[in-house]
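Chain by chain, the residues run as shown.
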Amino acid sequence: MLKGKTAIVTGSTSGIGLGLAKALAAQGANIVMNGFGDIEGPKTEIAALGVQVSYHGADMSKPDEIEAMVRHGETTFGAVDILVNNAGIQHVARIENFPPERWDAVIAINLSSAFHASRFALPGMLARNWGRIINVASVHGLVASAEKSAYVAAKHGLVGLTKVTALENATTGITCNAICPGWVLTPLVQKQVDAKALGLGVSNAEATKLLLGEKEPSLQFTTPEELGALAVFLCSSAANNVRGVAWNMDGGWAAQ
Ligand code: NAD
């Protein structure tokens, strides 16, 4: 379905980003990977799906590196058709204890990076009159939790940016939508499980059960594969008129 298209997926060395990159690759899209940590392992996993994969190590807190990543996609594959703004970090603390430099980093990586990547990718998409921008927000783009001020502010901002991007391109072949997962068991969430286990003196399994029980009525993690299927749908022609939506896949979290 996406043969001949190219997708940049930011933060695709791990977790949800890797799942989204694999789902798009399974539909034939060439992938520009991005993110830190192990690169060769995830790159091999994506390439095994029979597409071309290129890696760019842009730091999503640096606008000039984000521009270089988009240009890298354009020169390597001829175009950037799909942009998945996924890279993100978390910091958990009450506002009065929240380190200002962590606030700045969360806002830069979880929100401003999507603005910069979109502004660099949109001219090419407009020239071809086709594009898909998928912003990986969170259920925290729709509702809040204590001790996550920067994350909740960034994700609410990302849902707002999604709507504006959709509206500005509403008469074109470019759509922009947000995906809002509940808990997904990735390294980002494993850190929160570990902190809970340590803080309460309980096992990892017990901490996981408590984490899900607090927020997610299904008591199940959403998986990167399930999110990948949603991203594939948003890239399909069936989703031509899905514009500016913030679609939660959260086990009922935001329905409460
Ligand atoms: P993860 O920690 O597994 O992956 C994060 C990815 O972002 C990694 O590839 C990492 O290298 C990359 N990254 C971090 N800082 C970067 C930077 N400065 N520049 C470039 N890349 C950078 O986390 P995840 O859970 O897969 O999170 C992916 C996205 O999904 C995030 O935006 C997160 O907020 C969102 N999300 C996660 C959950 C969850 O439960 N895991 C729920 C809702 C939303």
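Attention in this report is confined to the structure presented alongside it. Please read these numbers as outputs of a predicted model, since none were measured by experiment.

Thresholds applied
For every chain, the first residue of its written sequence is number 1, and the numbers climb from 1 along that sequence. The model is predicted, so local features are restricted to residues of pLDDT at least 70 and side-chain atom pairs to those at 80 or more, both for listing and for counting; the totals for chains, interfaces and linings are taken over all residues. To get the side-chain values, take all heavy atoms of the structure and skip hydrogens and water. Exposure above 30% relative accessible area and no salt bridge define the residues that can form patches, which grow by joining like charges within 9 Å and nonpolar side chains of Val, Leu, Ile, Met, Phe, Trp and Tyr within 5 Å. Note on areas: Shrake-Rupley with a 1.4 Å probe; residue coverage comes only from the protein chains shown. The salt bridge definition used is simple: a Lys or Arg side-chain nitrogen within 4 Å of an Asp or Glu carboxyl oxygen. Here a helix means four or more residues in a row that DSSP labels H or I, a strand means two or more in a row labelled E, and each is numbered from the N terminus. Within this scheme a cavity is a closed region of a 1 Å grid, computed over the protein atoms alone, that accommodates a 1.4 Å probe without allowing it to escape, whereas a pocket is open but has protein on both sides within 12 Å along at least five of seven lines; lining residues each have an atom within 4 Å of a point. Grid points are joined across faces, edges and corners, and a volume is the space filled by probe spheres set on the points. Aromatic pairing here means that ring centres of Phe, Tyr or Trp (its six-membered ring) are within 6.5 Å. Orientation follows from the plane angle: under 30 degrees is stacked, over 60 is edge-to-face, and everything else is tilted. A 1.4 Å probe rolled over the protein chains alone gives each residue an accessible area, and that area as a share of the maximum for its type sets the label: buried under 20%, exposed over 50%, partly exposed in between. Neighbouring residues are identified by heavy atoms, a residue being near a molecule or strand if any of them is within 4 Å of it. Polar contact is the term for a pair of N or O atoms within 3.5 Å; when the atoms are in protein, one must be able to donate a hydrogen and the other to accept it, and sequence-neighboring residues count only if both atoms are side-chain atoms. Here the expected span of a helix is defined as 1.5 Å times the quantity of residues minus one. The arc in question is the one spanned by the directions pointing from the helix axis to the C-beta atoms. Contacts are assigned to residue pairs that have any heavy atoms within 4.5 Å of one another.

Let's shift gears to a nonpolar patch on the surface. Side chains of F233, V245 and W247 sit close together on the surface and give an oily, nonpolar patch of about 230 Å² of accessible area. As for its placement among the helices and strands, W247 is situated in strand β7 (residues 246-249).

Taken as a whole, the largest pocket encloses approximately 1,200 Å³ of empty space. Taken together, 48 residues line the largest pocket, and the ones lying closest to its centre are G88, I89, Q90, L188 and V189. Sorting the residues of the lining of the largest pocket by element identifies α1 (15-26), α4 (100-128), α5 (149-168), α6 (187-200) and α7 (204-215) as the ones contributing at least two each. Among the elements that make up the lining of the largest pocket, the one with the highest residue count is α6 (7 residues).

Our focus in this paragraph is the packing of aromatic side chains. Taken as a whole and judged by the stated rule, the model has 2 aromatic pairs. For the ring pair W183 and W253, a centre distance of 5.3 Å and an interplane angle of 50 degrees mean the geometry is tilted. With W183 in the loop between β6 (174-181) and α6 and W253 in the segment after β7, the pair connects residues that are 70 residues apart, well separated along the chain. With 6.0 Å between their ring centres and 75 degrees between their planes, F233 and W247 make a pair best called edge-to-face. Pair noted here: F233 is in helix α8 (residues 224-235) and W247 is in strand β7, with a separation of 14 residues, a long-range link. A relative accessible area of 31% means that F233 is categorised as partly exposed.

Looking now at the site of the ligand. The full set close to the ligand counts 30 residues, and S14, N86, Y151, V184 and T186 are the nearest of them. In this structure, K155 approaches the ligand through a side-chain N or O atom, which is 2.9 Å from an oxygen atom. Between T186 and the ligand, the recorded distance is 2.4 Å, taken from a side-chain N or O atom to an oxygen atom. Contact with the protein chains removes 93% of the 820 Å² of surface that the ligand exposes when unbound. Contributions of two or more residues to the shell around the ligand are made by α1, α5 and α6.

Right, let's get into helix α3 (residues 63-77). Taking 1.5 Å per residue, 15 residues should reach 21 Å; α3 reaches 21 Å between its end C-alpha atoms and fits that length. Within α3, burial applies to I66, M69, V70, H72, G73 and F77. Seen end-on, α3 carries its buried residues on one side only, within an arc spanning 150 degrees. Every exposed residue of α3 that faces more than 90 degrees away from the buried side is listed here: D64 and T75. Those residues of α3 that are buried lie in contact with β1 (6-9), β2 (30-33), β3 (53-55) and α4.

By themselves, these figures tell us nothing about what the structure is for.
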